[in-house]
Amino acid sequence: MRDLYAREGVRHLWFVDPDARTLEAFELREGRWLPSATLANVAPVSLPL
């Protein structure tokens, strides 16, 4: 799926696990998905769009 999103110009991905209460955010840079944040529990979410 990541390849499809990159090809279509999606620049950010968020993976949310409600059971583990985590969020992993990735940003597309120069054709590669790079992690931009990992948050857990009740950490406030403040990430660029």
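Residues numbered from 1 in each chain as written. Predicted model: local features only at pLDDT ≥ 70, side-chain atom pairs only at ≥ 80, totals over all residues. Heavy atoms only, no water.

Trainee: How should I be thinking about the pairing of strand β3 (residues 32–40) in this particular structure?
Mentor: In terms of strand pairing, strand β2 (residues 22–29) meets β3 through 8 bridges, oriented antiparallel. Each bridged residue has a counterpart across the sheet, and for T22 the counterpart in β3 is A40. What sits between the antiparallel neighbours β2 and β3 is a turn of 2 residues, in which E30 has the positive phi angle 50°. (Pairing = 2+ DSSP bridges. Helix = DSSP H or I, 4+ residues; strand = E, 2+ residues; numbered from the N terminus.)

Trainee: What should I look at first to understand the confidence of the model for the protein in this one?
Mentor: When pLDDT is averaged along the protein, the result is 89; 94% of the residues meet or exceed 70. Mean pLDDT per element in the protein: β3 is the minimum at 92, and strand β1 (residues 12–17) is the maximum at 94. (pLDDT = per-residue confidence, 0-100.)

Trainee: Please clarify how the packing of aromatic side chains should be interpreted in this entry.
Mentor: Between two aromatic rings, the relevant description is the distance of the centres plus the angle of the planes. All told, the structure shown has 1 aromatic pair when counted by the stated rule. Consider the rings of F15 and F26, whose centres lie 5.8 Å apart with planes at 75°: the pair is edge-to-face. Highlighted residues: F15 in strand β1 and F26 in strand β2, separated in sequence by 11 residues. In this structure F26 comes out as buried when scored by relative accessible area, which is 12%. Lying over the aromatic face of F26, R2 brings its terminal NZ or CZ to 4.7 Å of the ring centre. (Phe/Tyr/Trp six-rings, centres within 6.5 Å; stacked < 30°, edge-to-face > 60°. Buried < 20%, exposed > 50% of the residue type's maximum accessible area, 1.4 Å probe, protein only. Lys NZ or Arg CZ within 6 Å of the ring centre and 35° of its normal.)

Trainee: What is the right way to read the pairing of β2 from this model?
Mentor: Each regular strand shows side chains that alternate between the opposite faces of the sheet. Relative to β2, β1 runs antiparallel, the two being bridged by 6 bridges. Looking across to β2, one finds that F15 is bridged to E24. Between β1 and β2, which follow one another and run antiparallel, lie 4 residues, and R21 among them has a positive phi close to 60°.

Trainee: In this structure, what is going on with the pattern of salt bridges? I would like to understand it.
Mentor: Once the charged atoms of two side chains with opposite charge are near each other, the side chains can pair. On inspection of all chains with the given rule, the structure shows 1 salt bridge. Notably, a salt bridge pairs E27 with R29, separated by 3.1 Å at the nearest N-O pair. Classification of E27 as buried rests on a relative accessible area of 17%. (Salt bridge = Lys/Arg side-chain N within 4 Å of Asp/Glu carboxyl O.)

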